[in-house]
Amino acid sequence: NICFNIDKESKIDFKEWQLLYHVVYTWCTRQEDAKKDELYQKVADFFVVTVEKQEEILREKTGVVLLRNFLSLFKYYTTASKMIKKIFQYMHRYWIPAQQQAQQEKKVRDVDVLSLVKWRTHCYDKLKPKILAALLDLADLDRNGETVDKSLFSNMVQAYIQLGVNEEQPVLFYQTEFQDPFIARTEAFYIKESDNYLQENSVSQYMQKAEERLKHEEGNARGYLHPETEPVLQAACESVLIERHNEILQNEFQTMLRDEKEDDMQRFYFLLSRIDSGLNASSATMKNFLKEVGNGVIVEQSTKLDTKKALKNSVPFMHELLAVHKKYVGIIRKCFSDHKLFIQAMDEAFTFFVNKEVGVFSMAELLNFFVDHVLKGNEKLAEDQLEETLEATVRLFTYFDDKDVFYMSFRRSLSKRLLSRKVNEDAERSFIGKLKMSCGDAYTKKLEGMFNDIKLASEKQQHFKNWMVEKGNTQTVDLSVMVLNDLYWPLSKQTELQLPTELIQCVGFFEEYYHTTTEKRKLKWIYNQGTISVYRTYKDAKGRARRLECVVSCIQACILNLFNDNNEMTFKEAQKQLNLSPDVLKFSIHPLIFAKSRLLTRKKIEGAKPVGRKPIDEEDIFVPFNFRKVPKNRIQYPPGSTRLIKKESKEVQDRTKHERIIKIELSLVRVMKARNVLSVNELITEASKQLLKFFRPDPRLVKKRIETLMERGFMRRDDADQKVIHYVA
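Whenever I open this one, the packing of aromatic side chains confuses me. Can you help?
When we look at a pair of aromatic rings, we describe it by the centre distance and by the angle of the planes. Within the structure shown, the criterion is met by 36 aromatic pairs. Relative to Trp119, the ring of Tyr77 lies with its centre 4.9 Å away and its plane at 35°, an arrangement referred to as tilted. Taken together, the positions of Tyr77 in helix α3 (residues 63–87) and Trp119 in helix α5 (residues 111–143) put the pair 42 residues apart, joining distant regions of the chain. For Tyr77, a relative accessible area of 2% gives the class buried. An aromatic cluster of three or more residues is present, and its members are Phe46, Phe47, Phe70, Phe74, Tyr77 and Trp119. In this structure, Arg598 is placed above the aromatic ring of Phe625, and the distance from its NZ or CZ to the ring centre is 4.3 Å.

The structure is reproduced here in structure tokens:
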């Protein structure tokens, strides 16, 4: 009567429980140990009889019916066993622990554990093939889209854990009895399905199916299976659905890139990112694809960049490169979650093709011309668009090997923009700030110094005006002077020029003022950098007097001034009066003759061929050009022939080569001073790492500079090993 109503979910009242507890207490407090053993054995025998009855009920059941009945009876059974455990509390407290301590093998168990062991031995073990088959069939039905009771999975998982009570870790019983067969059945199911699906459908449709399957299995694992199962099930599904068909997916990836199938690329990343090294091949594919795209842009534009209009054509060229970069940055962010392998692939691809030769100018010079075009406001961009363009330009700049070439070109262009006083200071400073973040303080120090000079020059100009008033000096020309630090500005050398009387007076006043502010500094006048406004009077078609403002360089103003007193002037006479070299005079007079609104023309000599647009010759005679109509009242003329741009480009290249030698030697000495002793290869490697933020050094040039430094006594070879270098303090 102790094990009362075990097969029903019924309870006994307190009085009955008290009576039963007293019976157990009486048996357990007897002196005879045999009585206690007898009581324990009776309970064990009762569990066996009861479980065998349950097994008889379940024996004929199959499928879902078996699972439901098994779980229902098991629930009643475990509830009753807990009730019995409470009745046997006294035995649990004293006799069972004493028996367990005395025996090495735990033949005596807690009553609730004993009940589970008997259920496992006399019920589950006899039914487990049918139970496992029912569970696996249920999983297949769920995968085939049929509605199933998934709570059966979660309840059976709990049952497996409870029945594993006799193991060191109950989860091991669950893994052996259910998880391992379940994983094997899952793999077999998806091998068959994936093979058939790929034969009948496209790769795009297969990826969609695989994504759905993975999410479905992950949801089931989280919701109904043991936490230990999820990573194992996930790995099995990924192996079958992804890794097994990896080659087919990889072969399709380039088509996705070419056709810009963003949904497919997102699924591709979702799938391939789940397996080891799954993205290595696809990132390499993307790198090669981007190389082809970039080369296509280079080839398409190279013919336009090898002409006289190369710099003008560089603007749409750079726009196209920026558009390609923006496009694939967006794809990598949206489709590949900014994965480092794809970012690295894009960086390597852009580094490959943006450093190619494209025409008469280097890519760094073309990029500088584009930046100059944008910062001058020629693009007519809103503030946010301008900031976005500058940000994208700096990202493109980071791929350049010849960052020092860009620096030299940009410094020249910046100086021209600042001296013209038509500059968007906020945009300029923003761009320099971005360069500073990319390359460091040393890269932008001189650029920032140029801005500081402009600020000081404005203040000094006001002081000069006040000084002129105090001195009572008057001048016929409104003079504005910028005093610049030669360390910061890439200005050409001083040009010899004989100034007109009016300008000589102005220069004299300013030098007198400047010497009152400092005694240690000397002024050098750069005449070819400033601008002068001169006025030309003429009569229009109706005979009315008109005046044209011409903004020209200082040298051009001096040339035009010669015609105030002369109706014509030979080349040699102008050269003699202005004390200019022939090249400078040809360069400066060129726009005055060949501009659309020209101010001078060449006199036709009788018997000679028409001059037309032939180059300026030292035998030419110049006369003022009489025009009747001009497009506007103010015209700004370039300071000289556009051929100077190529000359400046060569100067930039020569200057860059010279500075590279200095930087290489400084880097080599810096490394040796820190390390003292290094092999030649180690020295080249460490020095090159320092130089990469400016340019990619040529190892052959680095070796030559090492030899030069050894000749100059900065380092020496080891006497025993010629490949080892020692620093000489």
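Having seen it, we continue.
I would appreciate a short explanation of the sheet that holds strand β6 (residues 634–636) in the present structure.
To summarise the sheet geometry, strands pair through backbone hydrogen bonds and adopt either a parallel or an antiparallel arrangement. The strand order across the open sheet formed by three strands is β1-β2-β6, and the pairing between neighbours is mixed. In this open sheet, the two strands that pair with only one neighbour each are β1 (531–539) and β6. Each adjacent strand pair in this sheet contributes to an overall mean axis angle of 25°, direction not counted. Across the sheet, helix α21 (residues 554–561) lies against β1 and β2 (545–553), angled at about 135° from β2, the strand it touches most.

Explain the side chain of Arg120 to me, please; I cannot follow it from the model alone.
Within the element layout of this structure, Arg120 appears in helix α5. Here Leu163 takes part through its backbone oxygen, which lies 3.1 Å from a polar atom of the side chain of Arg120. The contacts of Arg120, once residues within four sequence positions are left out, are Asp125, Leu163, Gly164, Asn166, Glu167 and Phe173.

Help me understand the pairing of β2, please; the structure alone is not making it clear to me.
Sheet topology places β1 next to β2; nine bridges connect them, and they run antiparallel. Its bridge partner being in β2, Ser533 is matched across the sheet by Val551. Across three bridges, β2 lies against β6 in parallel orientation. For Val551, the partnering residue across the bridge sits in β6 and is Gln636.

I would appreciate a short explanation of the nonpolar core in the present structure.
One broad rule of soluble globular proteins: the nonpolar side chains tend to lie buried together. Among the nonpolar cores identified, the biggest contains 162 residues, and Phe70, Ile131, Phe336, Met363, Leu396, Phe406 and Phe410 are the most heavily contacted of them. Excluding anything up to four places from it in sequence, Met363 contacts Ile298, Phe317, Met318, Leu321, Val354, Lys356, Val358 and Phe400. Val507, Cys558, Leu585 and Leu599 belong to the second-largest nonpolar core, a separate cluster that totals 48 residues.

When you look at the pairing of strand β5 (residues 621–624) in this model, what are you seeing that I'm missing?
Successive side chains on a regular strand alternate, one facing one side of the sheet and the next facing the other. Relative to β5, strand β3 (residues 569–570) runs antiparallel, the two sharing two bridges. Of the residues in β5, the one forming a bridge with Thr570 is Ile621. Two strands pair when backbone bridges link them, and strand β4 (residues 600–602) and β5 are joined in this way by three bridges, in the antiparallel orientation. Its bridge partner being in β5, Thr601 is matched across the sheet by Val623.

Before we go on, may I ask you to explain the side chain of Glu238 in this structure?
Considering the arrangement of structural elements, one finds Glu238 in helix α9 (residues 229–241). Of note is the side chain of Glu238, whose polar atom sits 2.9 Å from the side chain of Arg274. The contact partners of Glu238, leaving out residues within four places of it in the chain, are Leu214, Glu243, Arg274 and Ile275.

What's the story with the environment of Leu172 in this structure? I'm lost.
With respect to the helices, strands and loops of the structure, Leu172 is situated in helix α7 (residues 170–200). Along the backbone, Leu172 and Glu217 are 45 residues apart, and their C-alpha atoms lie at a distance of 22 Å.

Explanation requested: the environment of Asn452 in the structure shown.
Among the structural elements, Asn452 can be located in helix α19 (residues 441–471). Separated by 33 residues in sequence, Asn452 and Asn485 have C-alpha atoms that sit 9.7 Å apart.

Explain the packing of α21 against helix α23 (residues 582–594) to me, please; I cannot follow it from the model alone.
Each pair of packed helices can be described by the angle between their axes along with the distance between the axes. Put simply, α21 and α23 touch, their axes get as near as 10 Å, and they point 75° apart. With respect to their mutual orientation, α21 and α23 come out roughly perpendicular. Contact with α21, carried on its side by Ile555, Gln556, Ile559 and Leu560, involves Val584, Leu585, Ser588, Ile589, Pro591 and Leu592 of α23 and no other residues of that element. In terms of residue class, the contact of α21 with α23 is made up of eight nonpolar, two polar and no charged.

Explanation requested: helix α18 (residues 425–439) in the structure shown.
The periodicity of an α-helix, 3.6 residues per turn, causes residues three or four positions apart to be oriented the same way. Here α18 spans 21 Å end to end across 15 residues, near enough to the 21 Å set by a 1.5 Å rise per residue. Listed as buried for α18 are Ala427, Glu428, Ser430, Phe431, Ile432, Lys434, Leu435 and Cys439. Lining the buried residues of α18 we find α15 (363–375), α16 (383–397), α17 (403–420) and α19. Among the residues trailing α18, Gly440 stands out with phi positive, at a value near 100°.

Is there a simple way to explain unusual backbone geometry in this structure?
A positive phi is found at Ser277, a non-glycine position, where the angle reads about 60°. Structurally, Ser277 can be placed in the loop between α11 (262–272) and α12 (280–302). Residue class for Ser277 comes out exposed when judged on its relative accessible area of 53%.

Before we go on, may I ask you to explain the confidence of the model for the protein chain in this structure?
As a general rule, the predicted coordinates of low-pLDDT regions are not to be interpreted in detail. Looking at the protein chain as a whole, the pLDDT averages 85, with 94% of positions reaching at least 70. Here residues 1–7 scores under 50 on pLDDT; set against residues more than four positions off or in separate chains, the count is 19 contacts.

Help me out: how do you make sense of the sheet that holds strand β7 (residues 677–679) in this one?
As summarised here, the arrangement of the three strands in space is β7-β9-β8, forming an open sheet in which the pairing is antiparallel. Lying at the two open borders of the sheet, with one neighbouring strand each, are β7 and β8 (715–717). Each strand of the sheet is rotated relative to its neighbour by a mean of 30°, with strand direction disregarded. Note that β7 and strand β9 (residues 724–727) share three bridges and pair antiparallel. Residue Leu678 lies in a different strand from β9, and its bridge partner there is Ile725. Contacts from helix α25 (residues 680–691) reach β7, β8 and β9 within the one sheet, and its direction differs from that of β7 by about 95°. Across the sheet, helix α26 (residues 699–711) touches β8 and β9, and the angle it forms with β8 is around 105°.

Help me understand the pattern of salt bridges in this model?
For side chains bearing opposite charge, pairing can occur when the charged atoms are close. Under the counting rule described, the total for this entry stands at 43 salt bridges. Among the salt bridges present, the one from Glu55 reaches Arg59, with a minimum N-O distance of 2.6 Å. Looking at Glu55, the relative accessible area reads 5%, which means it is buried. Residue Arg59 is classed as partly exposed on the basis of its relative accessible area of 40%. Within this structure, Asp137, Asp140, Arg143, Arg185 and Glu217 form a network of salt bridges that share partners.

Teacher, can you tell me more about the packing of α15 against α16 here?
Taken N-terminus to C-terminus, the directions of α15 and α16 make an angle of 170°; their axes are 11 Å apart at the nearest point. By the angle class used here, α15 and α16 are roughly antiparallel. Of the residues in α16, those touching α15 at Leu367, Phe370, Val371, Val374 and Leu375 are Leu386, Thr389, Leu390, Thr393, Leu396 and Phe397. Here the contact of α15 with α16 is composed, by residue class, of nine nonpolar, two polar and no charged.

Rules behind the numbers
- Residues numbered from 1 in each chain as written.
- Predicted model: local features only at pLDDT ≥ 70, side-chain atom pairs only at ≥ 80, totals over all residues.
- Heavy atoms only, no water.
- Phe/Tyr/Trp six-rings, centres within 6.5 Å; stacked < 30°, edge-to-face > 60°.
- Helix = DSSP H or I, 4+ residues; strand = E, 2+ residues; numbered from the N terminus.
- Buried < 20%, exposed > 50% of the residue type's maximum accessible area, 1.4 Å probe, protein only.
- Lys NZ or Arg CZ within 6 Å of the ring centre and 35° of its normal.
- Pairing = 2+ DSSP bridges.
- Axes fitted to C-alpha atoms, helices over the stretch in contact; angles between N-to-C directions.
- Contact = heavy atoms within 4.5 Å.
- Polar contact = N/O pair within 3.5 Å; in protein donor to acceptor, adjacent residues only side chain to side chain.
- Core = buried A, V, L, I, M, F, W, Y, C linked by side-chain atoms within 4.5 Å.
- Parallel < 35°, antiparallel > 145°, perpendicular 65-115°, else oblique.
- Nonpolar A, V, L, I, M, F, W, Y, C, P; charged D, E, K, R; others polar.
- Expected span 1.5 Å × (residues − 1).
- pLDDT = per-residue confidence, 0-100.
- Salt bridge = Lys/Arg side-chain N within 4 Å of Asp/Glu carboxyl O.

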